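Here are the chains, one letter per residue:
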Amino acid sequence: MITISKRKFKQYFESKMYSLYAQPINEASNEQHLNVLASVLKDLIAKKWVDTKIDTEKEVYYFSIEFLLGRQLKSNLLNLGVENSIREGLKELGINLDDLIQSEVDPALGNGGLGRLAACFLDSMASVGMSGHGYGIRYKYGLFKQKFVNGCQVEVPDNWLTQGNYLWEVVRPNKAILVKFEGDVYLEEHDGNLKVIHKNYIPVMAMPYDIPIIGYRNNSVNTLRLWKSEIPRRDFGQTTANAKNYSGSYEEALNYKYYTEEISQVLYPNDSNYAGRLLRLKQEYFFVSAGIQDIYRKYKKHKLNIHELHKKVAIHINDTHPALCVPELMRILLDIEGLSWDEAWNITINTISYTNHTIMAEAMEKWPVEMMKKLLPRIYMIVEEINKRYLSYLNSKYSDQNKIRRMSIINNGNINMANLCIASSYSVNGVAKLHTTLLEKEVLKDFYDDTPYKFNNKTNGIAHRRWLMSANPELSGLITNLIGEEWKTDTFKLKELENYKNDNHVLDRLDEIKYNNKVLLSNYIMDKYDIDVDPNSIFDVQVKRLHAYKRQLLNLINIMTLYHKILDNPDMDIEPRTFIFGAKAAPGYYLAKCIIKVINSVADLINNDPRVRGKLKVVFIENYGVSLAELIIPAANVSEQISTTTKEASGTSNMKFMMNGAITMATLDGANVEIHELIGKENMFLFGLTAEEVLNYNKNGGYSSIDLYHTDLGLKQVVDDLINGFIPNLGKEGREVYDSLITYNDEYFVLRDAKDYERAQRELSELYKKKYDWNRMSLINIANSGVFSSDRTIKEYGRDIWFRGCEINEEFN
Ligand code: 26W
């Protein structure tokens with residue numbers, strides 16, 4: 001917490017304006033105002049943001065290939081507690097703080113759930129006072145921007161660093177690190193000892209860019225360190241003596257520059273499909289090696305005992321993308337520190353913990369041996385040795401060769417990264433109860449049976465400061481008026497809201513706040529798309545990445561069904577609805593792109609049909625991301641969480657919606673299970689196959705979608721609409737979607753669940769008519785959402801994983 005008076009701030013702002021731009025305030029641009037403000041804030045926190053005290057406690061390092069931060073200004077002001085004085089000060093200088101807040105870039109250095117979770121965790125680690133830092137990549141281009149052209153997704157590069165630098169970053173050239181690719185590895189004898197020599201490698205410089213992560217009203221400022229890849233500078237302090245020699249030709253120099261800079265050029269836009277590209281492997285090793293070397297350097301600087309690294313340092317790997325932390329740490333302990341294999345292994349396995357975020361087979365990383373051998377020769381040797389020892393352990397314990405093959409780290413010429421992570425860490429966690437159970441009982445069963453003590457659940461959470469306090473200030477104000485301030489640092493206190501569940505004044509006020517948020521979103525939709533949506537209609541929202549398993553298609557089929565019903569019975573009593581979508585498709589995911597086109601075409605059809613005017617609207621909001629989520633989620637009445645049961649590991653938007661008072665329409669998948677445990681089926685809408693039913697179907701080759709299609713005529717009509725010209729401006733995309741349902745037997749049970757979904761939607765519609773019942777349910781949702789603060793999640797990671805203070809002793813070292 002810092003304090004600054006309005007008067008002091010104004011002086012500071014003015015002198016900063018002169019020192020940075022030599023300009024009077026009233027002549028400066030919005031962008032310059034923003035830069036000056038960020039610079040002032042950075043100065044204010046600078047003292048607290050010094051190197052953390054490694055010798056006093058254990059430090060946590062969270063490695064993630066994505067951090068989806070969202071805008072920082074508002075959140076920094078909130079956490080520092082200076083928003084009011086600064087707002088007032090700026091106002092007197094003729095500057096509107098909200099304009100500055102809105103004009104900040106939204107860094108899109110992540111795809112979706114995994115990257116956003118990492119950002120929420122950073123916020124929580126700082127806010128609960130944990131010394132926890134992030135390591136990632138400073139991509140020059142973040143996730144593409146999405147535009148619709150004739151209803152189709154078009155990707156536009158996200159050139160977010162237009163000014164060259166990011167507002168909140170500080171570059172630290174004195175802390176740059178050399179990362180080595182390719183080359184030859186030898187064993188050489190030196191004074192009777194064998195030494196590993198790596199020659200002819202390609203050196204790449206990792207330049208650290210630090211972003212401060214400010215805790216909520218405490219003294220913590222942690223660091224997110226993002227690495228940019230560069231050509232090593234001539235005066236670079238580290239030895240390049242064994243580096244590949246370049247002849248010095250101009251062309252060669254250009255190629256080398258390209259080789260180095262390419263690594264941190266662009267974020268891969270896939271969030272479910274593993275593509276196995278060499279450049280991706282370079283990215284993974286690049287940031288892992290830079291981070292591990294950075295930790296090691298700091299550790300040595302503090303003259304700490306290397307034999308106790310695992311007592312001072314916790315390294316967490318966010319999915320398998322940073323899995324090379326394992327061999328990289330081994331490399332340092334073996335080749336630089338000269339520890340024995342057994343000791344290096346014991347330290348490594350007690351330092352590294354791993355989170356799995358998906359059970360989708362196609363998302364599992366497997367790197368070809370040949371690729372890794374050439375790109376990372378020393379790292380590959382270490383992986384091979386880990387595998388050798390692991391196999392001999394497995395062989396001594398089991399005779400089932402199939403089981404051993406499944407568990408092997410290297411198999412069929414590929415390195416299975418999840419297997420490497422599990423074998424080499426002391427903790428493996430899933431991200432919601434059902435997900436963890438599925439890991440233990442199905443996907444990772446062999447490993448769970450072998451080392452059950454490694455497995456644990458950590459149900460995801462969200463930064464309630466961003467997703468409630470900052471995104472929904474009116475609701476936040478109401479909560480504080482009713483139950484006081486304490487919920488802001490202890491979200492379990494939200495439970496006290498239940499005392500007001502029969503207070504009609506409170507329920508009216510809740511209704512009014514939701515309405516106001518809906519007006520804000522309606523205005524945005526009007527401005528952007530010239531579509532007039534009625535804030536009195538039910539705002540029914542599905543925002544998340546586009547994927548077949550998330551079943552945007554199920555939502556659409558229900559919309560079509562409803563549409564036909566209204567056309568057939570024009571006098572039908574229906575609660576007006578606005579269906580809102582937001583979703584990016586991976587650029588190479590053809591079916592997902594077809595689904596976007598179909599939704600857009602249906603939206604056109606419905607929005608322009610006078611027969612359903614005032615009853616039905618469909619809006620697909622372009623370029624969904626963190627900033628739009630902050631506008632959309634507080635305005636939602638209905639939260640669509642309708643994935644095929646077993647497929648969504650957790651989901652986190654489900655939690656954000658709940659905290660903002662939306663009612664969840666859900667399958668019992670991911671963290672919807674926990675939501676259900678908290679509030680019961682009477683406070684949400686459930687439908688669809690159970691996990692057990694889905695697993696059974698999958699084991700027996702699925703159900704027959706074509707049989708269902710022929711027996712359910714309502715469903716048949718809607719499915720046929722995809723190909724019979726009923727939806728205008730739809731060509732091959734309709735056929736593609738149709739085929740996924742009928743020709744390819746509906747892998748994600750869309751048609752199988754459609755009827756039950758329709759039933760649940762009908763019940764929801766009935767409930768909306770009873771205003772107080774609806775708002776009571778909304779209040780109960782908010783009151784029970786406290787457990788989903790990522791502060792809770794992070795404390796559990798600390799208690800059960802990072803600071804649990806016991807070592808494991810692997811039998812196969
Ligand atoms: C190799 C390509 C790739 C890239 C990213 C595969 C898989 C991923 C991520 C693991 C996908 C992801 O973001 N998973 C989501 O993680 C969230 C945070 O735990 C969960 O809430 C979501 O359910 C899960 O889909």
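Keep in mind the model is a prediction, meaning the values are calculated, not measured.

Undergrad: Please explain the site of the ligand as it appears in this structure.
TA: Around the ligand, a shell composed of 22 residues is seen, among which Gly-113, Leu-114, His-357, Ala-363 and Ser-650 lie nearest. Class assignment for the residues of the shell around the ligand results in 6 nonpolar, 12 polar and 4 charged.

Undergrad: Sorry if this is basic, but what is going on with the sheet that holds strand 22 (residues 663-666) here?
TA: Each strand in a sheet pairs with its neighbour through backbone hydrogen bonds, running either in the same direction (parallel) or in the opposite one (antiparallel). Strand order in the open sheet made by the 6 strands is 20-19-18-21-22-23, with parallel pairing throughout. Pairing within the sheet leaves two strands with one partner each, and these edge strands are strand 20 (616-621) and strand 23 (685-686). Here helix 21 (residues 552-568) sits on the sheet in contact with strand 18 (538-543), strand 19 (577-582), strand 20 and strand 21 (638-641), set at roughly 155° to strand 20.

Undergrad: For this particular structure, what's the right way to read the sheet that holds strand 14 (residues 410-411)?
TA: Spatially, 3 strands are ordered 13-15-14 in an open sheet, and the strand pairing comes out antiparallel. At either end of the open sheet lies a strand with only one pairing partner, and these are strand 13 (366-368) and strand 14. The sheet contact formed by strand 13 and strand 15 (residues 414-416) spans 3 bridges and is antiparallel. The partner of Pro-368 across the bridge, within strand 15, is Asn-414.

Undergrad: Before we go on, may I ask you to explain the packing of helix 10 (residues 325-336) against helix 13 (residues 377-397) in this structure?
TA: Packed helix pairs are characterised by how far apart their axes lie and by the angle those axes make with each other. Interhelical geometry of helix 10 versus helix 13 gives an angle of 100° and a closest axis separation of 9 Å. Accordingly, the angle class assigned to the pair helix 10 and helix 13 is roughly perpendicular. Contacts between helix 10 and helix 13 involve Pro-327, Glu-328, Met-330 and Arg-331 from the former and Arg-378, Ile-379, Ile-382 and Val-383 from the latter. Classifying every residue of the contact of helix 10 with helix 13 by side-chain character gives 5 nonpolar, no polar and 3 charged.

Undergrad: Which parts of the structure should I look at to understand the pairing of strand 2 (residues 132-137)?
TA: Burial runs high along strand 2: 6 of the 6 residues are buried. Neither face of strand 2 is open: one carries Gly-132, Gly-134 and Gly-136, the other His-133, Tyr-135 and Ile-137, and all of them are buried. Sheet analysis places strand 1 (residues 59-63) next to strand 2, joined by 4 bridges and oriented parallel. Counted as the bridge partner of Phe-63 is Tyr-135 from strand 2. Direction of pairing for strand 2 relative to strand 10 (residues 221-230): parallel, over a ladder of 4 bridges. What sits directly across from Gly-136, in strand 10, is Leu-226.

Undergrad: Sorry, what's going on with unusual backbone geometry here?
TA: Excluding glycine, a negative phi dihedral is what most residues carry, and trans is how most peptide bonds are arranged. Located in the positive-phi region is Arg-217, a residue other than glycine, with phi close to 50°. On the neighbour-count criterion, Arg-217 (16 C-beta atoms within 10 Å) is partly exposed. Phi is positive for Asn-729, close to 65°, though the residue is something other than glycine. Note on placement: Asn-729 falls in the loop between helix 28 (713-721) and helix 29 (732-741). Classification of Asn-729 as partly exposed rests on a count of 13 C-beta atoms within 10 Å.

Cut-offs and rules
Residues numbered from 1 in each chain as written. Predicted model: local features only at pLDDT ≥ 70, side-chain atom pairs only at ≥ 80, totals over all residues. Near = placed C-beta within 6 Å. Nonpolar A, V, L, I, M, F, W, Y, C, P; charged D, E, K, R; others polar. Pairing = 2+ DSSP bridges. Helix = DSSP H or I, 4+ residues; strand = E, 2+ residues; numbered from the N terminus. Contact = placed C-beta atoms within 7 Å. Axes fitted to C-alpha atoms, helices over the stretch in contact; angles between N-to-C directions. Parallel < 35°, antiparallel > 145°, perpendicular 65-115°, else oblique. Buried ≥ 20, exposed ≤ 12 C-beta atoms within 10 Å, placed from the backbone.

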